[in-house]
Number of protein chains: 2
Amino acid sequence: MINRESAQEPGTAERIRDSAATLFRQKGFNGTSMQALATAVGITKSSLYHHYPSKQALLAEIIEVTMSRVTPLVREIAQSDLPATGRLHRALTLHTVESIRERDYVACFSEESRYLSPTFMETHRKKKGEYESLFQKVIEEGIDRGEFLEQDSGLATMALLGMCDSVIRRYRPTGEYAPDEIAATFADTAVRGLGARDTERAAAGEVTR
Amino acid sequence: MINRESAQEPGTAERIRDSAATLFRQKGFNGTSMQALATAVGITKSSLYHHYPSKQALLAEIIEVTMSRVTPLVREIAQSDLPATGRLHRALTLHTVESIRERDYVACFSEESRYLSPTFMETHRKKKGEYESLFQKVIEEGIDRGEFLEQDSGLATMALLGMCDSVIRRYRPTGEYAPDEIAATFADTAVRGLGARDTERAAAGEVTR
DNA sequence: GTCTATAGGCGGATAGAC
DNA sequence: GTCTATCCGCCTATAGAC
């Protein structure tokens, strides 16, 4: 049994998905036409519909693939054996690095998912909630153990994920900052923002990706 | 000389602008048709063009109005006589409260400005840079005076503004949090994230709006 | 699996009457 | 300042040949 997906040559469906993610991030979902996508891929507009039943389904697929890939990685960190401070730092670093490394896909997830039709949206909302609750639980544990200051964990989760998500809009690959540098700095600022005592030790458990 | 703009009854141009801001935030610039806007205002599509020459000009006007209103308020705080920590806290609180209170307009500024045509974009980029540099300068002063930890002020500005901007996407007016509460909490988290020693004193200079 | 051709509607914008 | 009528191009999506 050969696993085509994880292998070398990308199939047409995957090339379409990649180009779509890039265009959706650059021009927005509603600013990208199927014609423009077809041109980018190098096939005709009609051929797209052989691989995906609709533009909506294509967006949904991009988002789904992203969630399915990143969620387990964050879950593993969140459920590991470190102090909450270290787990939060590692999870946020991973989240931020992925947001830069796979920015086309992640941008579709965080910026363009609002254009999902009601059917797709329902599924998406649930999975996104589960993903963010991974972070919130770590924050709650950190508060309970006295690693972080007493505070509302919902607002804290909003603040920290909002901060890290912003790299998608603000990061420029030509810029002066390396992805790892940004991710580490953001995670530092984040855990310090919750009132963590020893940011240094938290950073020690950094992910290298 | 009567100032029409600041008075009671909004003219048609202003009603169009308000409706447009609401729709652009909800459905996105490219997801909002001139027909939908006309219906929301209660006039015909053609009548819109008597007040604004194009959809682009309408978006540009919304963004311009927002910048012109908020920038002086932040500038006054940034150039006031408080320690950097207090100035940053007050400025971020104002920024966040405004992002909630005038979310339709601010969302057009922060989320939809990317759809501006090159002509309008150039002007916008400059003014946005000036606005954000107000925050960056306060952060730099805070670092120089030892109020904040030694760090890259550009990344810090990205992180903090990204965090506060996220309320636009994440805040739900039906939610459990009051605007002031969110703004104060975010500002607390932000200045703490830079390593400010006394967040309490910073919060003392809170804005009430 | 890709193509040509086309359906059928909606997009932004304009002309010109009142 | 608002209307009706209209231009024309582009939109998503489908039919059906190869």
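Predicted, not measured: the structure shown is a model, and the values here were computed from it. (Residues numbered from 1 in each chain as written. Chains lettered and ligands numbered in written order. Predicted model: local features only at pLDDT ≥ 70, side-chain atom pairs only at ≥ 80, totals over all residues. Heavy atoms only, no water.)

Undergrad: An account of the overall build of chain A is requested, with residue identities and associated values reported.
TA: Within chain A, the secondary structure is distributed over 11 helices and 0 strands. When the elements of chain A are put in sequence order from the N terminus, they spell out α-α-α-α-α-α-α-α-α-α-α. At 19 Å, chain A has a C-alpha radius of gyration in line with the 17 Å of a compact globule built from 209 residues. Considering only C-alpha atoms, chain A reaches an extent of 60 × 40 × 35 Å along its principal axes. Counting all 209 residues of chain A, 53% fall into the buried class. Pairs at least 24 apart in sequence give 70% of the contacts found in chain A among residues at least 6 apart. Measuring between centres, the 27 positive side-chain charges of chain A sit 6 Å from its 30 negative side-chain charges. (Helix = DSSP H or I, 4+ residues; strand = E, 2+ residues; numbered from the N terminus. Rg over C-alpha atoms; globule rule 2.2 N^0.38 Å. Buried < 20%, exposed > 50% of the residue type's maximum accessible area, 1.4 Å probe, protein only. Contact = heavy atoms within 4.5 Å. Lys, Arg positive; Asp, Glu negative; His and termini not counted. Charge placed at Lys NZ, Arg CZ, Asp CG, Glu CD.)

Undergrad: I'd like a rundown of the protein's contact with DNA strand C, residues and numbers included.
TA: Taken together, the neighbourhood of DNA strand C is formed by 15 residues, with Thr44, Ser46 and His51 of chain A together with Met34 and Ser46 of chain B sitting nearest. Within the side chain of Thr12 of chain A, an N or O atom sits 3.5 Å from a phosphate oxygen of DNA strand C. Residue assignment for the surface near DNA strand C shows that the elements contributing at least two residues are helix H3 (45-51) of chain A together with helix H3 (45-51) of chain B. Counting residues per element, the surface near DNA strand C draws most heavily on H3 of chain A, which supplies 4 residues. Split into classes, the residues belonging to the surface near DNA strand C amount to 3 nonpolar, 10 polar and 2 charged. (Near = heavy atom within 4 Å. Polar contact = N/O pair within 3.5 Å; in protein donor to acceptor, adjacent residues only side chain to side chain. Nonpolar A, V, L, I, M, F, W, Y, C, P; charged D, E, K, R; others polar.)

Undergrad: Before we move on, could you go through empty space enclosed by the protein and cite the residues and values that matter?
TA: All names here are of chain B. The tally for this structure, following the rule as stated, stands at 1 cavity of 30 Å³ or more. In this structure, the largest cavity occupies an estimated 100 Å³ of space. Lining the largest cavity are Thr66, Met67, Val70, Thr71, His95, Glu98, Ser99, Val106, Phe109 and Tyr131. For the lining of the largest cavity, the secondary structure elements donating two or more residues are helix H4 (55-78), helix H5 (84-101) and helix H6 (103-112). Ranked by residue count, the leading element in the lining of the largest cavity is H4, at 4 residues. Of the residues assigned to the lining of the largest cavity, the class counts are 5 nonpolar, 4 polar and 1 charged. (1 Å grid on protein atoms, 1.4 Å probe; cavity = no way out; pocket = protein on both sides within 12 Å on 5 of 7 lines; lining within 4 Å. Points joined across faces, edges and corners; volume = space filled by probe spheres on them.)

Undergrad: Let's hear about the domain arrangement of chain A: which residues, and what values?
TA: Residues and elements named next belong to chain A. Per the domain assignment, the segments of chain A are domain 1 (9-52) and domain 2 (55-204). Residue-level contacts link 15 residues of domain 1 with 14 residues of domain 2. Summed over both partners, the interface of domain 1 with domain 2 buries about 1,500 Å², with 68% contributed by carbon and sulfur atoms. We note a salt bridge from Arg17 to Glu61, for which the minimum N-O separation is 4.0 Å. Here domain 1 is connected to domain 2 by 7 residue pairs in polar contact (both at pLDDT 80 or more). Those elements giving two or more residues to the side of domain 1 that touches domain 2 turn out to be helix H1 (12-27) and helix H2 (34-41). The element contributing the most residues to the side of domain 1 that touches domain 2 is H1, with 8 residues. (Domains from an automatic or database assignment. Buried area = accessible area lost by both parts, 1.4 Å probe. Salt bridge = Lys/Arg side-chain N within 4 Å of Asp/Glu carboxyl O.)

Undergrad: So what about the protein's contact with DNA strand D? Which residues, and what values?
TA: DNA strand D sits among 15 residues. The nearest are Met34 and Lys45 of chain A together with Thr44, Ser46 and His51 of chain B. Counted by atom, the contact set of DNA strand D within 4 Å of the protein is 52% sugar and phosphate. Separating a phosphate oxygen of DNA strand D from a side-chain N or O atom of Tyr49 of chain A is a distance of 3.2 Å. For DNA strand D, a phosphate oxygen lies 3.5 Å from a polar atom in the side chain of Thr12 of chain B. Secondary structure elements with two or more residues in the surface near DNA strand D: H3 of chain A together with H3 of chain B. Element by element, the count of residues in the surface near DNA strand D is highest for H3 of chain B, at 4 residues. Here the surface near DNA strand D is built from residues that sort into 3 nonpolar, 10 polar and 2 charged.

Undergrad: How would you summarise the interface of chain B and chain A if you had to cite specific residues and measurements?
TA: The interface is formed by 38 residues belonging to chain B together with 38 residues belonging to chain A. Between chain B and chain A lies a buried interface of about 2,900 Å² when both sides are counted; carbon and sulfur atoms form 55% of it. A per-residue breakdown of the area chain B buries against chain A is headed by Leu155, Met158 and Arg170 of chain B, which together make up 25% of the total. For the interface between chain B and chain A, the tally reads 8 salt bridges. Glu132 of chain B is the partner of Arg170 of chain A in a salt bridge, and the nearest nitrogen-oxygen pair spans 3.2 Å. Across the chain B-chain A interface, the total number found is 12 residue pairs in polar contact (both at pLDDT 80 or more). Considering every element that reaches the side of chain B that touches chain A, the biggest residue donor is helix H8 (residues 153-165) of chain B, with 9 residues. The class makeup of the residues in the side of chain B that touches chain A is 15 nonpolar, 12 polar and 11 charged.

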